[in-house]
Amino acid sequence: MDAVRVALLREVLAGTEWLGATRRFAGALRGSVVSHGGGLLLVGTPEYEPWHLAAHLVDEAAWSGTPELAPTLVRHAARPSDPAHLAVGLGRLEAARRGETLLVVAPGNSAAPLLERVSGARRAGATVLTLGPGRGELASVAHETLPVPDGSELDLDTVQHLVSAAAGENALPTPRGRHRFRDRMARLAEQLTAPPPARW
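All figures in this text were calculated on a predicted structure; none of them were measured in a lab.

The rules behind each value
Residues numbered from 1 in each chain as written. Predicted model: local features only at pLDDT ≥ 70, side-chain atom pairs only at ≥ 80, totals over all residues. Heavy atoms only, no water. Core = buried A, V, L, I, M, F, W, Y, C linked by side-chain atoms within 4.5 Å. Buried < 20%, exposed > 50% of the residue type's maximum accessible area, 1.4 Å probe, protein only. Helix = DSSP H or I, 4+ residues; strand = E, 2+ residues; numbered from the N terminus. Contact = heavy atoms within 4.5 Å. 1 Å grid on protein atoms, 1.4 Å probe; cavity = no way out; pocket = protein on both sides within 12 Å on 5 of 7 lines; lining within 4 Å. Points joined across faces, edges and corners; volume = space filled by probe spheres on them. Salt bridge = Lys/Arg side-chain N within 4 Å of Asp/Glu carboxyl O. Pairing = 2+ DSSP bridges. Axes fitted to C-alpha atoms, helices over the stretch in contact; angles between N-to-C directions. Parallel < 35°, antiparallel > 145°, perpendicular 65-115°, else oblique. Left-handed = near helix turned anticlockwise from the far one by under 90°. Nonpolar A, V, L, I, M, F, W, Y, C, P; charged D, E, K, R; others polar. pLDDT = per-residue confidence, 0-100.

**Here we look at the nonpolar core**
Membership of the largest hydrophobic core comes to 31 residues, with the highest contact counts inside it found for Leu29, Leu103, Leu131 and Val159. Mapped by element, the contributors of at least two residues to this core are α1 (3–13), α2 (18–36), β1 (40–43), α3 (51–64), β3 (101–105), β4 (127–132) and α7 (156–168). No other element matches the 7 residues that α2 contributes to this core. With residues near it in sequence (within four places) discarded, Leu29 still touches Leu40, Leu57, Leu69, Thr101, Leu103, Leu129 and Ala167. If you look at the next biggest cluster of nonpolar residues, it comprises 18 residues, including Val43, Val104, Ala106 and Ala121.

Right under this line is the structure:
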């Protein structure tokens, strides 16, 4: 989903709780990786690996000048023969330490082995954020949760687009009042998609 589509989606969602919720969650994510600087680990479930979110966060990291946002995708079925960026297995969660951030994307209840590893990462000092149903044991071990319950107006994939776009936004004023290219493009997209002004 490109910047124009995200801007259109935000326009459609204006007045709902989703914009504020996704921006708050993205702020927590960005704040955690920037302040701690220990890296971002991204993991899903055996049935759902968040490839798409990983790709978007890599893009946002490059566009926003925030390399800490580029995640390490942790996979349940990683093999040593996989390319390096796809070969990180669940053992990486056991090595998570203070200063690292763990983002868990789980559309349903998490299996016990994943929950144990996430709990262990939290005990070791990692910051845990979750995207998913917002209930159950996984949400209870998270520092921050963005609930996406079944039957809500948005599905998990759409919420991930909003979170990744918001995480890449420039949250702080830029030096000497200059705006980043991506911020200018987002504003232009919003202007182009705005309704025409009322006649005078």
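**A word on empty space enclosed by the protein**
Taken as a whole and assessed by the stated rule, the structure comprises 1 cavity of 30 Å³ or more. By volume, the largest cavity amounts to about 50 Å³. As for the largest cavity, its lining consists of His52, Leu53, His56, Asp157, Gln160 and His161. Listing elements by their share of the lining of the largest cavity, those giving two or more residues are α3 and α7.

**Things to note about the pattern of salt bridges**
Taken as a whole and assessed by the stated rule, the structure comprises 7 salt bridges. Across the pair Glu169 and Arg23 runs a salt bridge, and its minimum N-O distance is 3.8 Å. Residue Glu169 is found in the loop between α7 and α8 (181–193), and its partner Arg23 is found in helix α2; the two are separated by 146 residues along the sequence. The class for Arg23 is partly exposed, based on a relative accessible area of 38%. Salt-bridge contacts for Arg75 lead to Glu49; the nearest nitrogen and oxygen are separated by 3.2 Å.

**A word on the sheet that holds strand β2 (residues 71–74)**
Either a parallel or an antiparallel arrangement is found when strands of a sheet pair, and the pairing is made through backbone hydrogen bonds. Read from one edge to the other, the open sheet built from 5 strands follows the order β2-β1-β3-β4-β5, with strand pairing classed as parallel. Where the open sheet ends on each side, the last strands, each with one partner, are β2 and β5 (144–147). On average, adjacent strands in this sheet sit at an angle of 20° to one another, irrespective of strand direction. Strand direction decides the pairing type here: β1 and β2, joined by 4 bridges, are parallel. Looking at the pairing, Leu42 lines up with Leu73 of β2. Across the sheet, α7 lies against β3, β4 and β5, angled at about 135° from β4, the strand it touches most.

**Observations concerning the packing of α1 against α7**
How two helices pack is summed up by the angle between their axes together with the distance between the axes. The geometry of α1 relative to α7 is characterised by a closest axis approach of 11 Å and an angle of 110° between their N-to-C directions. In terms of their interaxial angle, α1 and α7 are classed as roughly perpendicular. Between α1 and α7 lies a crossing whose hand is left-handed. Of the residues in α7, those touching α1 at Val6, Leu9, Arg10 and Leu13 are Thr158, Leu162, Ala165 and Ala166. Classifying every residue of the contact of α1 with α7 gives 6 nonpolar, 1 polar and 1 charged.

**Quick word on the confidence of the model for the protein chain**
This prediction gives the protein chain a mean pLDDT of 83; 84% of its residues lie at or above 70. Low pLDDT, under 50, characterises residues 172–179; the stretch is placed with 4 contacts to residues that sit more than four places away or in other chains.

**So, the environment of Leu114**
Structurally, the position occupied by Leu114 is in helix α5 (residues 112–123). Using a relative accessible area of 2% as the deciding quantity, one classes Leu114 as buried. Spatially, the C-alpha atoms of Leu114 and Leu138 are 9.1 Å apart, while their sequence positions differ by 24 residues. Setting aside residues up to four positions removed in sequence, Leu114 forms contacts with Val43, Gly44, Thr45, His76, Leu93 and Val104.

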